[in-house]
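# Analysis of the macromolecular model
Okay, here's what each chain looks like letter by letter:
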Amino acid sequence: SSFFFLLLLTSCGFHLPTNYYPPPWLETLSVESVDVEPVFFNRVLNILGRNHYTIVPKTENTPRLLISDFHQTNTEDAVGSTANVRQRSASLRFTLSVFDKTNTPILPSQTIRVRRSYTADSNRILATNTELGSLTSDMYHDAIIQIIRRLQILGAATPQGVRK
């Protein structure tokens, strides 16, 4: 029965988390932010560090990851069957760019978006706030995994000359 459960999980796209290893030429990089939520940026630094990236201050000979234009919103999508229940969504988006040691863009600006929906009940405001905090944390994690995946793909797709 556990085999069928595992088969079901893999068929729906679920994968167990694994460590992400950077391409050798990107193991050491600087990470910069412009208009980014400090909690999100600190989580980026933390998770990159836990996934074998060495984060250093910006220097002339270091690849650079730039995160900018961070926007996080909570919007009301629909009113439920009672005036107290509302369908809401939380979303975040930001721009990601990567530059090589010579400050040449090797990953043009890309916008990363993450969105979650939730139900807000004015009679359960504490539970709703807790749920929103959990959703925000999940969105941050998913966005950071998107950053790491782009760095990995970039490492595999970048010409040999740029890697040096």
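That block above? That's the structure.
Residues numbered from 1 in each chain as written. Predicted model: local features only at pLDDT ≥ 70, side-chain atom pairs only at ≥ 80, totals over all residues. Heavy atoms only, no water.

## Concerning the nonpolar core
The nonpolar side chains of a soluble globular protein tend to be buried, and buried together. Where we set the bar: Put simply, a nonpolar core is a bunch of buried Ala, Val, Leu, Ile, Met, Phe, Trp, Tyr and Cys residues held in one set by side-chain atoms that sit within 4.5 Å of each other. Only protein chains enter the accessibility calculation, which uses a 1.4 Å probe; a residue whose area is less than 20% of its type maximum is buried, one above 50% is exposed, and one in between is partly exposed. Secondary structure elements follow DSSP: runs of H or I no shorter than four residues count as helices, runs of E no shorter than two count as strands, and numbering proceeds from the N terminus. Two residues form a contact once any of their heavy atoms are found within 4.5 Å.
In this structure, Phe40, Leu65, Ile67, Phe94 and Ile147 are the most contacted members of the largest nonpolar core, which totals 34 residues. Every element with two or more residues in this core is listed here: β1 (28–34), α2 (38–50), β3 (64–79), β4 (85–99), β5 (105–121) and α3 (125–157). The residues contacting Ile147, other than those within four sequence positions of it, are Phe40, Val44, Leu65, Ile67, Phe94, Leu96 and Ile112.

## Let's talk about the environment of Ser30
Checked against the element boundaries, Ser30 lands in strand β1. Given the relative accessible area of 1%, Ser30 is considered buried. Apart from residues lying up to four places away in sequence, Ser30 is in contact with Val56, Pro57, Lys58, Thr62, Pro63, Arg64 and Leu65.

## Quick notes on α2
An α-helical segment advances 3.6 residues per turn. Residues three or four places apart therefore align on the same side. Definition in use: Multiplying 1.5 Å by the residue count of a helix minus one yields the expected span of that helix. Think of it as the arc spanned by the lines of direction from the helix axis to the C-beta atoms.
If you check α2, its first and last C-alpha atoms are 18 Å apart, about what 13 residues at 1.5 Å a residue would give, namely 18 Å. Taken as a whole, α2 has its buried residues at Phe40, Phe41, Val44, Ile47 and Leu48. Projected down its long axis, α2 carries its buried residues within an arc of 130 degrees, all on one side. Exposed side of α2, more than 90 degrees from the buried face: Pro38 and Arg50 are the residues found there. In the stretch just after α2, His52 is the one whose phi turns positive, near 75 degrees.

## Some details on the environment of Thr104
In plain terms, the rule: For the purposes of these results, a polar contact is taken to be a pair of N or O atoms within 3.5 Å, where, inside protein, one atom must be able to donate a hydrogen and its partner to accept one; residues adjacent in sequence count only when each atom of the pair is a side-chain atom.
Position of Thr104 relative to the elements: it lies in the loop between β4 and β5. Owing to a relative accessible area of 37%, Thr104 belongs among the partly exposed residues under this scheme. The sequence separation of Thr104 and Pro63 amounts to 41 residues, and the corresponding C-alpha distance is 9.3 Å. What Thr104 contacts, discounting residues up to four positions off in sequence, is Val98 and Phe99. Of note is the side chain of Thr104, whose polar atom sits 3.0 Å from the side chain of Thr102.

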